[in-house]
Amino acid sequence: MYLIVIASIVAIVLIISIINRYRRCPSDKVLVVYGTTGDRGSAKCIHGGGTFVWPIIQDYAYLSLTPISIDANLTNALSRQNIRVDVPSRFTVGISTDHDYMNAAAERLLGLTPGQIQELARDILFGQLRLVIATMSIEELNNDRDKFLEAISANVEVELKKIGLRLINVNVTDIKDESGYIEALGREAAAKAINEAKVRVAEQEKVGEIGKADAMRETRIRTSEANALAVQGENQAKIEIANSDSARREAEAEAQRKANAAEKVAEARALEEAYAAEKDAEMARAERERSTQTANVIVAQEIEKKRKIIEAEAEAERARVRAKGEADAIFAKMEAEAKGYYEVLTKQAAGYDKMVQAAGGDADKAYQLLLIEKLPQLVSTQVEAIKGINIDHVTVWDSGNGTDGKSSTANFLSGLMKSVPPLTDLFDQAGLNLPSYLGQKKEAAEAVKAETVETEE
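Here goes a summary of the coordinates provided.

1. Some remarks on a nonpolar patch on the surface
- A contiguous nonpolar surface patch, about 610 Å² in accessible area, is contributed by Tyr2, Leu3, Ile6, Val10 and Leu14.
- Counting through the fold element by element, isoleucine 6 comes out in helix α1 (residues 2-20).

Here's what the structure looks like:
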């Protein structure tokens, strides 16, 4: 029993929820359902009737069909003759119930306020209005309003359709231009109408006078036939009538001449004003082109100047960085070399100190030990002095006059060997004494030899 009650309550709640999600569309609005809409695209648009809006996966909003009135008071629009005109106009637009229009409005206008929609439409209207005016002359704008309105409707309708709006009505009031060209056209048309009216009045007066004269002439003729006595008076009357006709024709001709002259003067004056307006427009356009060209050249030169300054500063900065890097590298290299020399000299000094200590603190003995180590190199140096001599062929003529039992050949070889410095000379140049076990000096050897001879005697 309880389960049945609970199931009934749940069913009632579901039915109420589904009923609450049913949305009806008023006649002056468009219902837009968005979210998961199946194959209908990004949104489903409904005008009239209603539909279910499923919770979570769908939501809805309304678009108003109320017409929007937009004032588009266009100023300084350039016509085909390069004359700037002011075109005050009022447009009435609104969202259409056509399927394509509703989809476009749902994609581009949903969520916008009427003011935002009005500004968006105004921008489109201004652009298309300028485009239409640029394709028409002043005469077409002023005289052929139907053509002007058709061109506006054709251009504006295409652009408004892109955002879902349709043009309902367009009303263009008086068109004005800053040069007074339209006013001059009006004065010309008025003068022409007045002159044509004067010509028609003169023609009617002429017809009346001619009819009157014909009637009088007929009366006179018939009267003359009845009364022969009135012939002379009739002839006189005819002469007067002819003179009157001549004067009348002269007056009519003069009036016609003055009317034609006035018409020509008005036409010439209108053309003069039109030419003056075109001249001003051309001068303004030339000034604008001159300013544009000047601005293009100056701006390009300023940009090039700034680019060169930036490149020069960048190159200077690169040079400073490169010089600093080279200086740092040289300093590091010299510092490393100094540390190497310092280590070498430190090690040599420590080695010399140990060598002096090994020699019992006697520096001379230490130096002698160093020379003993270098003795093979010194002997090798002496050998190298004559090793490289390439003696291919030596001829020595012996005269037999040798002394001390020595021949010329022996003297040559002795002199050649003496050209090599002996070890004693090398030690003397170094400020040292050659050890006795390595050799004796010549004087010491001679003294020893003399002492030995004396002892023998």
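2. Description of the packing of helix α3 (residues 114-134) against helix α5 (residues 145-161)
- Here α3 crosses α5 at 140 degrees, and the two axes come no closer than 9 Å. As the angle between them shows, α3 and α5 are arranged oblique. α5 is crossed by α3, and the crossing has right-handed handedness. Of the residues in α5, those in contact with Ala121, Ile124, Leu125, Gln128, Leu129, Leu131, Val132 and Ile133 of α3 are Phe148, Ala151, Ile152, Asn155, Val156, Glu159 and Leu160.
- For the contact of α3 with α5, the per-class residue count stands at 12 nonpolar, 2 polar and 1 charged.

3. Notes on the packing of aromatic side chains
- For the structure shown, the criterion picks out 1 aromatic pair.
- Against the face of tyrosine 101 rests arginine 166, its NZ or CZ located 4.3 Å from the ring centre.

4. Quick word on α5
- Compared with the 24 Å implied by 1.5 Å per residue over 17 residues, the 24 Å span of α5 between its first and last C-alpha is a close match.
- Residues Phe148, Ile152, Val156 and Leu160 constitute the buried set of α5. With its buried residues spanning 75 degrees around the axis, α5 presents them on a single face. α5 presents Asp146 and Glu150 as exposed residues on the side facing more than 90 degrees away from its buried surface.
- Here the buried face of α5 lies against β7 (84-95), α3, α4 (138-143) and β8 (165-172).

5. Looking at the pattern of salt bridges
- Overall, the coordinates contain 17 salt bridges when judged by the stated rule.
- With a closest N to O distance of 2.5 Å, arginine 290 and glutamate 287 form a salt bridge. Separated by 3 residues within a single helix, arginine 290 and glutamate 287 lie in helix α7 (residues 231-358), roughly one turn from each other.
- Since its relative accessible area comes to 47%, arginine 290 is described here as partly exposed.
- Linking lysine 339 and glutamate 335 is a salt bridge whose minimum nitrogen-to-oxygen distance equals 3.9 Å. You can see lysine 339 and its partner glutamate 335 sitting in helix α7, 4 residues apart, about one turn around the helix.
- Residue class for glutamate 335 comes out partly exposed when judged on its relative accessible area of 36%.
- Each member of the salt-bridge network shares a partner with another, and the members are Asp245, Arg248 and Glu252.

6. Observations regarding the side chain of arginine 248
- The residue arginine 248 is located in helix α7 in this model.
- With residues up to four places along the chain from it excluded, the contact list for arginine 248 reads Lys206, Glu209 and Ile210.

7. Observations concerning the pairing of strand β2 (residues 29-35)
- When β2 meets strand β5 (residues 58-64), the two strands line up antiparallel, connected through 7 bridges. Of the residues in β5, the one forming a bridge with glycine 35 is glutamine 58.
- Bridge count for β2 against strand β3 (residues 43-46) is 4 bridges, and the pairing is antiparallel. The residue of β3 that forms the bridge with tyrosine 34 is alanine 43.

8. Concerning the nonpolar core
- In terms of nonpolar packing, the biggest core is built from 41 residues, with Ile133, Phe148, Ile152, Leu160 and Leu165 touching the most fellow members.
- At 7 residues, α3 tops the list of elements feeding residues into this core.
- Apart from the residues within four sequence positions on either side, leucine 165 is in contact with Val93, Gly94, Ile95, Tyr101, Leu109, Ile117, Ala121 and Leu160.
- The next biggest cluster of nonpolar side chains, apart from the first, holds 5 residues, and it includes Cys25, Leu31, Val33 and Val53.

9. Structural notes on α3
- Between its first and last C-alpha, α3 extends 30 Å over 21 residues, near the 30 Å set by a 1.5 Å rise per residue.
- For α3, the complete set of buried residues consists of Ile117, Ala121, Arg122, Ile124, Leu125, Gln128, Leu129, Val132 and Ile133.

10. Digging into the sheet that holds β2
- Taken in spatial order, the 3 strands make up an open sheet running β3-β2-β5, and their pairing is antiparallel. Looking at which strands have only one partner, the edges of the open sheet turn out to be β3 and β5. Here the average twist between neighbouring strands, direction ignored, is 25 degrees.

11. Considering the side chain of arginine 122
- Take arginine 122: it is sitting in helix α3.
- For arginine 122, the contacting residues outside a window of four places in its chain are Ile70 and Asp71.

12. Considering the environment of lysine 44
- As for its position among the elements, lysine 44 is in strand β3.
- Judged by relative accessible area, lysine 44 falls into the buried class, the value being 15%.
- Sequence spacing of lysine 44 and asparagine 103 is 59 residues, and the spatial spacing of their C-alpha atoms is 7.7 Å.
- A polar atom in the side chain of lysine 44 sits 3.3 Å from the side chain of threonine 51.

What counts as what
- Residues numbered from 1 in each chain as written.
- Predicted model: local features only at pLDDT ≥ 70, side-chain atom pairs only at ≥ 80, totals over all residues.
- Heavy atoms only, no water.
- Patch = residues over 30% accessible without salt bridge, like charges linked within 9 Å, V, L, I, M, F, W, Y side chains within 5 Å.
- Areas by Shrake-Rupley, 256 points an atom, 1.4 Å probe, with all protein chains shown as cover.
- Salt bridge = Lys/Arg side-chain N within 4 Å of Asp/Glu carboxyl O.
- Helix = DSSP H or I, 4+ residues; strand = E, 2+ residues; numbered from the N terminus.
- Axes fitted to C-alpha atoms, helices over the stretch in contact; angles between N-to-C directions.
- Parallel < 35°, antiparallel > 145°, perpendicular 65-115°, else oblique.
- Left-handed = near helix turned anticlockwise from the far one by under 90°.
- Contact = heavy atoms within 4.5 Å.
- Nonpolar A, V, L, I, M, F, W, Y, C, P; charged D, E, K, R; others polar.
- Phe/Tyr/Trp six-rings, centres within 6.5 Å; stacked < 30°, edge-to-face > 60°.
- Lys NZ or Arg CZ within 6 Å of the ring centre and 35° of its normal.
- Expected span 1.5 Å × (residues − 1).
- Buried < 20%, exposed > 50% of the residue type's maximum accessible area, 1.4 Å probe, protein only.
- Arc of directions from axis to C-beta.
- Pairing = 2+ DSSP bridges.
- Core = buried A, V, L, I, M, F, W, Y, C linked by side-chain atoms within 4.5 Å.
- Polar contact = N/O pair within 3.5 Å; in protein donor to acceptor, adjacent residues only side chain to side chain.

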